[in-house]
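Examining the three-dimensional arrangement
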Amino acid sequence: MTGTPPASAPEPAASRTAPGAVSPGAADGGDLLLPTQRGSGSGVARPRTAPPAGGGLPVWVALSLVAVAGVASAAQGAANGELGVRVGEPTLAAVVNNLGGTLLVAVGLAVLPSMRTGLATLRRARLPWWSYLGGLGGAAIVVLGAYVVPVLGVAVFTIAQVAGGSVGGLAVDRAGLASGGRLPFTGPRIAGGLLGVAAVALAQVGQPVGELAVGLVLLAVAGGVGVALQSALNGRVSAAGSAAAGVAVNFLVSTPVVLIVAAVAGALAGPTGAWPDAWYLYTGGLLGVGIVAGLVVGVRSAGVLRTGLALVAGQLGGALLLDALLPGGPGARPAVLVGAGLTLLAVVVAGRRARPREASARGR
């Protein structure tokens, strides 16, 4: 991916660009074998029922890294949004974001043996073709953010996107699309997803609300589902090759799509304003690589739902810091602080085991 939209963003909200996609690669993914590498001649991955922690970092370490990636996502959203305002074309900020990430991937190919080895391993992994399409989810949320946020406002877009991510995370974990295998629907997991959406809604109190167009709200929800799919598929690719290879595949898939959309929109003709001199406005790609890396690590250890919730908690925490530290910002808002705390609680709740009666009923 390129990055996920910030759960709370500094002004001007109406011109914010959703952060790019997100795909993992901070630590090497290891050699966890997928079902397709264990004699499945059909090449169709059969989801395992083992817990997702197998082969990954300890859950609390992985989720801490994801929360840090969430802080990076908030910073990425601020940088991309401001760049889009300065150049007069939000889609150009998405192009800069993805090209920056792709450039870093090219550097990684030159200096990281784990990336080259992981990509070579992928050629022998016999993953189904759709496993490599995770970057499309990142491209979708970037493009949707550029065009939907100005209409809905950042608050409605964020709540809808997180709702889609929670539903998508539950469904993706249940289907076993990530490398860790299937995670059933349980009361705690459903409650954690609902609590996460409520926490984000609370954090958006006071943010501008635009035109409540149902079609655009549904598109934002679909974008959140796309981000959940992106996390799962990138994690699958990383498990078959390496985390660095998962990051590379993400950007190699998402960047051409963003460029095509920008070309169709006429954004590649150039900015309507001058390119700004502030270097930090061009860091979206660097931050995006870190975000994707954090998600890959988190998905392998904790599943898609909890990883998504931890990312949102980090986004809210990052937004709180930006609000308090940026010149002219609104200052620390209690609603955002409470929302971040509730989202962390949602991560804990979603990880609780189902009661024996509930588990046995589900096993019938």
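In this report, we go over the structure that sits alongside the text. (Residues numbered from 1 in each chain as written. Predicted model: local features only at pLDDT ≥ 70, side-chain atom pairs only at ≥ 80, totals over all residues. Heavy atoms only, no water.)

1. Section: the overall build of the chain
- Across its full length, the chain carries 11 helices and zero strands.
- Counted from the first residue to the last, the chain has its helices and strands arranged as α-α-α-α-α-α-α-α-α-α-α.
- Taken across its 364 residues, the chain has 54% of its residues classed as buried.
- For the chain, contacts bridging at least 24 residues in sequence account for 84% of all contacts bridging at least 6.
- When the accessible area of the chain is evaluated, it comes to approximately 14,300 Å², of which 71% is carbon and sulfur surface. (Helix = DSSP H or I, 4+ residues; strand = E, 2+ residues; numbered from the N terminus. Buried < 20%, exposed > 50% of the residue type's maximum accessible area, 1.4 Å probe, protein only. Contact = heavy atoms within 4.5 Å. Areas by Shrake-Rupley, 256 points an atom, 1.4 Å probe, with all protein chains shown as cover.)

2. Remarks on the packing of aromatic side chains
- Summed over the entire model, instances satisfying the criterion amount to one aromatic pair.
- Aromatic side chains Trp279 and Tyr280 sit 6.0 Å apart centroid to centroid with 85 degrees between the ring planes, which places their arrangement in the edge-to-face category. (Phe/Tyr/Trp six-rings, centres within 6.5 Å; stacked < 30°, edge-to-face > 60°.)

3. What to know about the nonpolar core
- By size, the foremost hydrophobic cluster in this structure holds 24 residues, and its most contacted members are Leu83, Ile141, Val148, Phe157 and Val258.
- At the level of elements, helix 1 (59-87), helix 2 (90-111), helix 4 (134-152), helix 5 (154-175), helix 7 (214-240) and helix 8 (243-264) are the ones that each hand at least two residues to this core.
- Among the elements that take part in this core, helix 4 stands out by supplying seven residues, more than any other.
- In this structure, Val258 is in contact with Ala94, Val95, Asn98 and Ala139, ignoring residues within four places of it in sequence. (Core = buried A, V, L, I, M, F, W, Y, C linked by side-chain atoms within 4.5 Å.)

4. Regarding a nonpolar patch on the surface
- A cluster of nonpolar side chains, Leu103, Val107, Val111 and Leu112, forms an exposed patch at the surface whose accessible area comes to about 360 Å².
- Tracing the chain through its elements places Leu103 in helix 2.
- Overall, the relative accessible area of 56% leaves Leu103 in the exposed class. (Patch = residues over 30% accessible without salt bridge, like charges linked within 9 Å, V, L, I, M, F, W, Y side chains within 5 Å. Salt bridge = Lys/Arg side-chain N within 4 Å of Asp/Glu carboxyl O.)

5. Observations concerning the pattern of salt bridges
- One pass over the structure, following the stated rule, counts two salt bridges.
- A salt bridge links Arg86 to Glu82; the nearest nitrogen and oxygen atoms lie 2.9 Å apart. Pair noted here: Arg86 and Glu82 are both in helix 1, with a separation of four residues, about one helical turn.
- A relative accessible area of 36% means that Arg86 is categorised as partly exposed.
- The partner of Arg189 in a salt bridge is Asp173, with the nearest N and O atoms 2.6 Å apart. With Arg189 in helix 6 (residues 187-203) and Asp173 in helix 5, the pair connects residues that are 16 residues apart, well separated along the chain. As far as the burial class goes, Arg189 and Asp173 line up, both buried.

6. What to know about the environment of Ala262
- Here Ala262 is to be found in helix 8.
- Overall, the relative accessible area of 0% leaves Ala262 in the buried class.
- When the C-alpha positions of Ala262 and Pro90 are compared, they lie 9.6 Å apart, and in sequence the two are 172 residues distant.
- In this structure, Ala262 is in contact with Thr91, Val95, Ala267 and Leu268, ignoring residues within four places of it in sequence.

7. Some details on the side chain of Ser301
- The topology assignment puts Ser301 in helix 9 (residues 284-325).
- A relative accessible area of 2% places Ser301 in the buried class.
- Of the polar contacts made by the side chain of Ser301, one reaches the backbone oxygen of Leu57; its length is 2.8 Å. (Polar contact = N/O pair within 3.5 Å; in protein donor to acceptor, adjacent residues only side chain to side chain.)

8. Remarks on helix 10 (residues 334-350)
- Along its 17 residues, helix 10 runs 24 Å from first to last C-alpha, staying within 8% of the 24 Å computed at 1.5 Å per residue.
- Buried positions along helix 10 lie against helix 1, helix 6 and helix 9. (Expected span 1.5 Å × (residues − 1).)

9. A closer look at helix 4
- With 19 residues, helix 4 ought to run about 27 Å at 1.5 Å a step, and its terminal C-alpha atoms sit 26 Å apart, in line with that.
- In terms of residue burial, helix 4 counts as a mostly covered element, since 14 of its 19 residues are buried.
- Just past helix 4, the residue Gly153 takes up positive phi, approximately 90 degrees.

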